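# Structural characterization, general
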Amino acid sequence: MNFELTEEHQMIQKAARDFAQNECLPGVIERDEQQKFPKEQIRKLAELGFMGMMVSPAYGGGGMDTISYVLAMEEISKIDASVSVCMSVNNSLICWGIEAFGTEEQKQKYLTHLSRGLKNDELYIGAFLLSEPGAGSDATSQQTTAQDMGDYYLLNGTKNWITNGSTASVYLVMAQTHPEQKSHGINTLIVEKGWPGVTIGTKENKMGIRGSDTTSIMFTDVKVPKENRVGEDGFGFRFAMKTLAGGRIGIASQALGIAIGAFELALKYAKERKAFGTEIMHHQAIQFKLADMATKIEAARLLCLKAAWEKDQKQDYTYASSMAKVYSSETAMWTAIEAVQIHGGYGFVKEYHVERLMRDAKITQIYEGTSEVQRIVISRTLLQ
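Here goes a summary of the coordinates provided.

What counts as what
Residues numbered from 1 in each chain as written. Predicted model: local features only at pLDDT ≥ 70, side-chain atom pairs only at ≥ 80, totals over all residues. Heavy atoms only, no water. Core = buried A, V, L, I, M, F, W, Y, C linked by side-chain atoms within 4.5 Å. Buried < 20%, exposed > 50% of the residue type's maximum accessible area, 1.4 Å probe, protein only. Helix = DSSP H or I, 4+ residues; strand = E, 2+ residues; numbered from the N terminus. Contact = heavy atoms within 4.5 Å. 1 Å grid on protein atoms, 1.4 Å probe; cavity = no way out; pocket = protein on both sides within 12 Å on 5 of 7 lines; lining within 4 Å. Points joined across faces, edges and corners; volume = space filled by probe spheres on them. Nonpolar A, V, L, I, M, F, W, Y, C, P; charged D, E, K, R; others polar. Arc of directions from axis to C-beta.

The next subject is the nonpolar core. Residues Leu45, Phe50, Met53, Ile76 and Met87 are the most contacted members of the largest nonpolar core, which totals 67 residues. Elements represented by at least two residues in this core include exactly helix H1 (7-24), helix H3 (39-48), helix H4 (66-77), helix H5 (81-101), helix H7 (236-272), helix H8 (284-312), helix H9 (318-343) and helix H10 (354-363). A total of 14 residues in this core trace back to one element, the largest contributor, which is H7. What Leu45 contacts, discounting residues up to four positions off in sequence, is Phe19, Phe50, Met51, Ile76, Val83 and Met87.

Here it is as structure tokens:
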């Protein structure tokens, strides 16, 4: 059992760390306040090859493993989770889903551009459309319909909480074609943003990851060619579940990065801030908090890397990814709260960054399946 990173992994980690410090940190507070989409940062990520890290070079990707992806997500999330969530969706949901289950024609038409994050020198990323007003964690209750019209589907419905909603060029849309078959009647369709009948809602005013682009998407009699269906008829729900299992590794890594970012800020502050005649790091109350932070973070890191390793080994990583996601997200929330506490009143103001990390941490417990849903997945595996 080898816990050392390879030289290649270390290079990727350093590249992501340098990018986060040099490109993401400047202006991160202003982007958060103004809910400004980090377009320049995403474009530079694309130029670095980080928007399709795991895609085969045959389709324009970096051909890297999942461990590389986890390391990059961790470093970027330490600084700006609004950037990392865009990267996560494009890598682990859109690119991976199309490469794993799409046709060769779909890969040539869409994946070759999505993996680069650019098309004709313009930003070109994807969005994953599963959640609906009445179907969040209960993904089987899809109300969006894709009526089979022979050589095309007629798409109608509304999707919400869509990351990259207005900035994406391509949507992967889950819709019900055969209601009588319930989850077995759902299909996944590749839809282009500019098609007639596609309407983008207003940007959500969120508590955290405020720079990321979250909107509702409405479809009114959108004609989707049959060749844009991913997989066989009725494969849509299985596609979503298989894709989300990998997506959970990305969000677990994001949560891990947020936790580390909060911890590092708290550690730095504890070494500088004086109270009762000495730096607060000398007070046992602070030492215990820092020790618990470091321990939880290390456990979360190992869970993330284990899930990534299982995915790279082509094992069933559903159980591991659920564990990584639930534990890392709860570690992120707890660590961020404790970091604010260590900062005291300064933790409550924006310039010290920890209040933003605390707000960002909360979403990691909610999206890609809530912590409660992940516990259901874990317990089902245990009780088989």
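Text resumes after the structure shown.
When you tally the buried positions in H10, you get seven out of 10 residues, the bulk of the element. Residues of H10 that are buried include every one of Val354, Glu355, Arg356, Leu357, Arg359, Asp360 and Ala361, and no others. At its buried positions, H10 is contacted by helix H2 (28-34), H5, H7 and H9.

On to unusual backbone geometry. Of note in this structure, Asp121 is not a glycine but carries a positive phi near 70°. As for its position among the elements, Asp121 is in the loop between strand E1 (118-119) and strand E2 (122-123). Judged by relative accessible area, Asp121 falls into the exposed class, the value being 54%. Backbone geometry places Asp221, a non-glycine residue, at a positive phi of 50°. Examined against the element boundaries, Asp221 turns out to sit in strand E9 (residues 214-225).

Now for empty space enclosed by the protein. Under the counting rule described, the total for this entry stands at two cavities of 30 Å³ or more. One number sums up the size of the largest cavity: a volume of about 50 Å³. Among the elements of the structure, H2 and H10 are those that each provide at least two residues to the lining of the largest cavity. Considering every element that reaches the lining of the largest cavity, the biggest residue donor is H2, with three residues. Considering only residue class, the lining of the largest cavity consists of one nonpolar, two polar and five charged. Reported here for the second largest cavity is a volume of approximately 30 Å³.

Turning next to H3. Residues that lie three or four places apart on an α-helix share one face, since the helix turns once every 3.6 residues. Listed as buried for H3 are Gln41, Ile42, Leu45 and Ala46. The buried residues of H3 all sit within an arc of 145° when viewed along its axis, so they share a single face. More than 90 degrees from the buried face of H3, the exposed residues found are Glu40 and Glu47. Along its buried surface, H3 packs onto H1, H2, H4, H5, E1 and E2. After H3 finishes, the residue Gly49 shows a positive phi value of roughly 85°.

With that settled, consider the layout of surface pockets. Space left empty within the atom packing is revealed by a probe, the size of a water molecule, rolled over the atoms. Looking at the second largest pocket, its volume works out to about 470 Å³. Lining of the second largest pocket is provided by 14 residues; of these, Asn2, Phe3, Leu302, Leu305 and Lys306 occupy positions nearest its centre. Elements with a minimum of two residues in the lining of the second largest pocket: H4 and H8. Broken down by element, the lining of the second largest pocket gets its largest block of residues, seven residues, from H8.

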